[in-house]
Amino acid sequence: MKRGEVAELAGSCGLGAWTAFGVLTMVVVGHDGIPLFADADFLSWSVGHRPDVAVAFARGLTDTGTGVVPYALAVLAALIAGRTPRQRALAVALCLGCLGAGQALRYAVMALVARPRPPLTDWATHASGWSFPSGHTTTAALTAGLLIIAIRIRGPRGRTVLTLVIGGWGALVGLTRVYLGVHWFTDVVGGWLFALGWVGLYLSAVARWLPDRWTPGTMDTDTDSARGTAEPTGSTAGGRTHTAPAQTDVAREQREGHAPDDPGRRGRSRPA
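Model, not experiment: these values are computed from the prediction. (Residues numbered from 1 in each chain as written. Predicted model: local features only at pLDDT ≥ 70, side-chain atom pairs only at ≥ 80, totals over all residues. Heavy atoms only, no water.)

A. Structural context of unusual backbone geometry. The step from F132 to P133 runs through a cis peptide bond, and the omega angle for that step is -10 degrees. Considering the arrangement of structural elements, one finds P133 in the loop between helix 5 (85-113) and helix 6 (135-154). Positive phi, normally seen in glycine, also occurs at D32, with a value near 55 degrees. Inspection of the secondary structure puts D32 in the loop between helix 1 (3-30) and helix 2 (39-48). We note that F37 has phi near 50 degrees; this positive angle belongs to a residue other than glycine. Considering the arrangement of structural elements, one finds F37 in the loop between helix 1 and helix 2. (Helix = DSSP H or I, 4+ residues; strand = E, 2+ residues; numbered from the N terminus.)

Written out as structure tokens, the structure reads:
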């Protein structure tokens, strides 16, 4: 897809996701933060299905949605997307900026909504702060979005499988917050919508305003033009310089000046 099409599609997805997030936020505020829809049912099921192995797995998985892990994965996404050192350096700044700014904006929304968490007696791990939107969910979804964009830019083999695995990781981190009893399900949905909206708008801005030579995933035009002026017109192979047009003209002159083959030798068999 062209950059203009990418910017338009990403911007549309981002606005759509943030519109849905705004509606959900107004519903949460309008109900004074009490459980909505199937929030209580999901929490009750989670509390009643907590074997030790599942709880340990959920705690380990939920820890990947906070701390240094998301930032390390954001740097990895930048290194995958860029082709030259200059592009990779810019991509690192863009990815870290997207993740950091998204977390700061999410924290501001969380403080404004001030939704209480589920009852403390249902918790199976430590948590702090308000409930909506889920911080672990938002951070993991933002990181997964950056990784998926980087993979789609470079287009390696197996990118569909990688996309599903990374997207599944981002979704599971959010679901562990409900399973461990520290968030309502609508908190997790709010985190997903917020992350999708932020990544979409951020990608739209980058695709629309970033110069071509700085865009991650594209060839460096300055390096290509310099290489093109430095190389001779003829291609080299085995240390020799070949000029294809000159050889073609010489071969044509040799064919025209050469005597035709003896027609009497056409019926003879040639040695192997």
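Now that the structure has been shown, we can carry on.
B. Broad picture of the packing of aromatic side chains. If you walk through the whole model with that rule in mind, you get seven aromatic pairs. Ring centres of F21 and F132 lie 5.7 Å apart, and the angle between their planes is 5 degrees; this geometry places the pair in the stacked category. Taken together, the positions of F21 in helix 1 and F132 in the loop between helix 5 and helix 6 put the pair 111 residues apart, joining distant regions of the chain. Looking at F21, the relative accessible area reads 8%, which means it is buried. A residue is classified by how much of its surface remains accessible, and F132, at 0% relative accessible area, is buried. (Phe/Tyr/Trp six-rings, centres within 6.5 Å; stacked < 30°, edge-to-face > 60°. Buried < 20%, exposed > 50% of the residue type's maximum accessible area, 1.4 Å probe, protein only.)

C. Representation of the pattern of salt bridges in the model. Taken as a whole, this structure holds two salt bridges when the rule is applied. Between D39 and R115 there is a salt bridge, with the nearest N and O atoms lying 3.2 Å from each other. You can see D39 sitting in helix 2 and its partner R115 sitting in the loop between helix 5 and helix 6, a full 76 residues away along the chain. Owing to a relative accessible area of 1%, R115 belongs among the buried residues under this scheme. Note that D187 is salt-bridged to R115, the shortest N-O span being 2.7 Å. One end of the pair, D187, is in helix 8 (residues 185-209); the other, R115, is in the loop between helix 5 and helix 6, and 72 residues separate them in sequence. According to the relative accessible area criterion, D187 is buried, its value standing at 0%. (Salt bridge = Lys/Arg side-chain N within 4 Å of Asp/Glu carboxyl O.)

D. Representation of the packing of helix 6 against helix 7 (residues 159-179). Between helix 6 and helix 7, whose axes approach to 8 Å, the crossing angle comes to 175 degrees. Judged by the angle between their axes, helix 6 and helix 7 are roughly antiparallel. On helix 7, the residues that touch H136, T137, A140, T143, A144, L147, I148, I151 and R152 of helix 6 are R159, T160, L162, T163, I166, G167, W169, G170, V173, G174 and R177. Residues of the contact of helix 6 with helix 7, tallied by class, amount to nine nonpolar, eight polar and three charged. (Axes fitted to C-alpha atoms, helices over the stretch in contact; angles between N-to-C directions. Parallel < 35°, antiparallel > 145°, perpendicular 65-115°, else oblique. Contact = heavy atoms within 4.5 Å. Nonpolar A, V, L, I, M, F, W, Y, C, P; charged D, E, K, R; others polar.)

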